[in-house]
Amino acid sequence: MVDALAALLAERRYEAIRVADIIARAGVGKSTFYEHFRGKDDVLLAAMQPILLALTTAASGRAAHSYIRPMVAHLWERRSIVRPILESTAALPLERRLAEAMATHGGRPAGGDQTPIQCVGMAAAQLAMLRHWLSGRAVATTEEMTGRLIACSRIGDGDHPS
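Since this is a predicted model, take the numbers as computed values, not measurements. (Residues numbered from 1 in each chain as written. Predicted model: local features only at pLDDT ≥ 70, side-chain atom pairs only at ≥ 80, totals over all residues. Heavy atoms only, no water.)

**Student:** Before we move on, can you summarise helix α5 (residues 49-59) with the specific residues and values?
**Tutor:** Each turn of an α-helix holds 3.6 residues, which means side chains three or four residues apart point in the same direction. Summarising burial for α5: 8 of the 11 residues are buried, a large majority. Buried positions along α5 lie against α4 (40-47), α6 (65-77), α8 (91-105), α9 (117-135) and α10 (142-151). In the segment just after α5, G61 is the residue with positive phi, at about 80 degrees. (Buried < 20%, exposed > 50% of the residue type's maximum accessible area, 1.4 Å probe, protein only. Helix = DSSP H or I, 4+ residues; strand = E, 2+ residues; numbered from the N terminus. Contact = heavy atoms within 4.5 Å.)

**Student:** Describe the packing of α5 against α6, and please don't skip the residues or the numbers.
**Tutor:** Think of two packed helices as two axes; the pair is described by the angle between the axes and how far apart they sit. As a packed pair, α5 and α6 sit with axes 10 Å apart at the nearest point and diverge in direction by 135 degrees. Here α5 is positioned oblique relative to α6, judged by the angle of their axes. In terms of crossing hand, the pair formed by α5 and α6 is left-handed. On the side of α5, the interface is formed by I51, L53, A54, L55, T57 and A58, while α6 contributes Y67, I68, M71, H74 and L75. Taken together, the residues of the contact of α5 with α6 break down into 9 nonpolar, 2 polar and no charged. (Axes fitted to C-alpha atoms, helices over the stretch in contact; angles between N-to-C directions. Parallel < 35°, antiparallel > 145°, perpendicular 65-115°, else oblique. Left-handed = near helix turned anticlockwise from the far one by under 90°. Nonpolar A, V, L, I, M, F, W, Y, C, P; charged D, E, K, R; others polar.)

**Student:** So what's going on with the nonpolar core? Residues and values would help.
**Tutor:** Core analysis: the biggest nonpolar cluster contains 45 residues, and L44, L55, I68, M71, L94 and L130 have the highest contact counts within it. Among the elements that make up this core, the one with the highest residue count is α9 (7 residues). Setting aside residues no more than four positions away along its own chain, L94 makes contact with L44, L45, M48, L52, I85, L86 and L127. (Core = buried A, V, L, I, M, F, W, Y, C linked by side-chain atoms within 4.5 Å.)

Have a look at this one:
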């Protein structure tokens, strides 16, 4: 289903993709889809998991540039697909999942409204910087963007989730 969604994202906006489109492209039944996913946001979150993991690691403040840089380069190479996602209705679920992952990664249980505010801030800052960079509204090299994503760990004012 992840591959089906990726193919559809190359053709149209996220909002224009329906679960029925993903099911048809994947060649699976409706019940099979719903055994694994609640909706298209869940498919997107599964597809973005490696990126969310790298961003979560960056938020720890101790991530190696060599680990984060390839993810940043990957996003830049696929900016024509990633930018519209970050500007779509999918941005909020991505931000929530990222904030929850940051809270969990830091040893704090993530649960609903219990996500620590510094995790919410770090997630929002990282995604906002990426959105502006990928759209060309902010200029930075891949190395500079990597450093800025890691620097978001300071939003926690010394109390980042690591």
